[in-house]
Amino acid sequence: AQSVTQPDIHITVSEGASLELRCNYSYGATPYLFWYVQSPGQGLQLLLKYFSGDTLVQGIKGFEAEFKRSQSSFNLRKPSVHWSDAAEYFCAVGPTSFYGGSQGNLIFGKGTKLSVKP
Amino acid sequence: EAGVAQSPRYKIIEKRQSVAFWCNPISGHATLYWYQQILGQGPKLLIQFQNNGVVDDSQLPKDRFSAERLKGVDSTLKIQPAKLEDSAVYLCASSLTSRLSDTQYFGPGTRLTVL
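Rules behind the numbers
- Residues numbered from 1 in each chain as written.
- Chains lettered and ligands numbered in written order.
- Predicted model: local features only at pLDDT ≥ 70, side-chain atom pairs only at ≥ 80, totals over all residues.
- Heavy atoms only, no water.
- Helix = DSSP H or I, 4+ residues; strand = E, 2+ residues; numbered from the N terminus.
- Rg over C-alpha atoms; globule rule 2.2 N^0.38 Å.
- Buried < 20%, exposed > 50% of the residue type's maximum accessible area, 1.4 Å probe, protein only.
- Areas by Shrake-Rupley, 256 points an atom, 1.4 Å probe, with all protein chains shown as cover.
- Lys, Arg positive; Asp, Glu negative; His and termini not counted.
- Charge placed at Lys NZ, Arg CZ, Asp CG, Glu CD.
- pLDDT = per-residue confidence, 0-100.
- Contact = heavy atoms within 4.5 Å.
- Buried area = accessible area lost by both parts, 1.4 Å probe.
- Polar contact = N/O pair within 3.5 Å; in protein donor to acceptor, adjacent residues only side chain to side chain.
- Nonpolar A, V, L, I, M, F, W, Y, C, P; charged D, E, K, R; others polar.

From N to C terminus, chain B includes zero helices and 11 strands. Going from N to C terminus, chain B has its helices and strands arranged as β-β-β-β-β-β-β-β-β-β-β. The C-alpha radius of gyration of chain B comes to 13 Å, within 12% of the 13 Å expected for a compact globule of 115 residues. Each of the three principal axes of chain B carries a C-alpha extent, and together these read 40 × 25 × 25 Å. Residues classed as buried in chain B amount to 46% of the 115 residues present. Total accessible area on chain B is roughly 5600 Å²; 50% of this is exposed by carbon and sulfur atoms. Within chain B, the 10 negative side-chain charges are centred at a point lying 4 Å from the centre of the 13 positive side-chain charges.

Right, dumping it as structure tokens:
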């Protein structure tokens, strides 16, 4: 069965420190991969997505993620965290059929809550 | 550009009561989704519309949940009767098409508490 695992429920980092949030997926083929952020009281916002090509993808707000097929991982990184990055982060996977795939079939992980220390 | 609008933002009801949520997607977006997000979990798709037709409702508990999208624009999600386990945030999202390459835009959600 398709699944997404975010091993860390809660991470605390100091402002200015680097960040890496882990995501592992279980899927029959190369999936489409996404990272979303959810701030308190707000809906999810797409940070970045990977479909094919360069395995290092750049997103908004200075985030990047690297797809590693051999490890079935899509970890999210940021070199220097800002206090405003405190939020919950969700990794998601979707089917690979560009024409038949439905974005609604996204499977989300349980999320990692990020706290930032001043 | 206006985002996805949802109302109400919060709702508290007692079990066995009914409740309805409303969603107004981004103008021109053909695809609309309703997700259920239980505390401590990621969103789970309940139903997906393409214009005013249902594309996927395989995870919608049809004995108590119903949804419609009149005229392919606004949508309502109804629960009747509610159970304690329905306490969650209900998120509406829309995208230009159903292609994975089109970004899904999420509304702020409706937080439902069932007592």
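Here the narrative resumes, following the displayed structure.
Glancing now at the confidence of the model for chain A. The predicted coordinates of low-pLDDT regions are not to be read in fine detail. On average, chain A scores 89 in pLDDT, and the residues at 70 or more come to 90%. When the elements of chain A are averaged for pLDDT, strand β11 (residues 107-108) of chain A gives the smallest value, 90, and strand β3 (residues 19-21) of chain A the largest, 98.

A word on the interface of chain A and chain B. Contact residues are listed per partner, giving 25 residues for chain A and 23 residues for chain B. Of the roughly 1800 Å² buried between chain A and chain B on both sides combined, carbon and sulfur atoms contribute 54%. At the boundary of chain A with chain B, the tally comes to three residue pairs in polar contact (both at pLDDT 80 or more). If you list the elements that add at least two residues to the side of chain A that touches chain B, you get β5 (32-38), β6 (44-50) and β10 (87-94) of chain A. Examining the composition of the side of chain A that touches chain B, we find that four residues originate from one element, β5(A), more than from any other. Split by residue class, the side of chain A that touches chain B holds 12 nonpolar, 11 polar and two charged.

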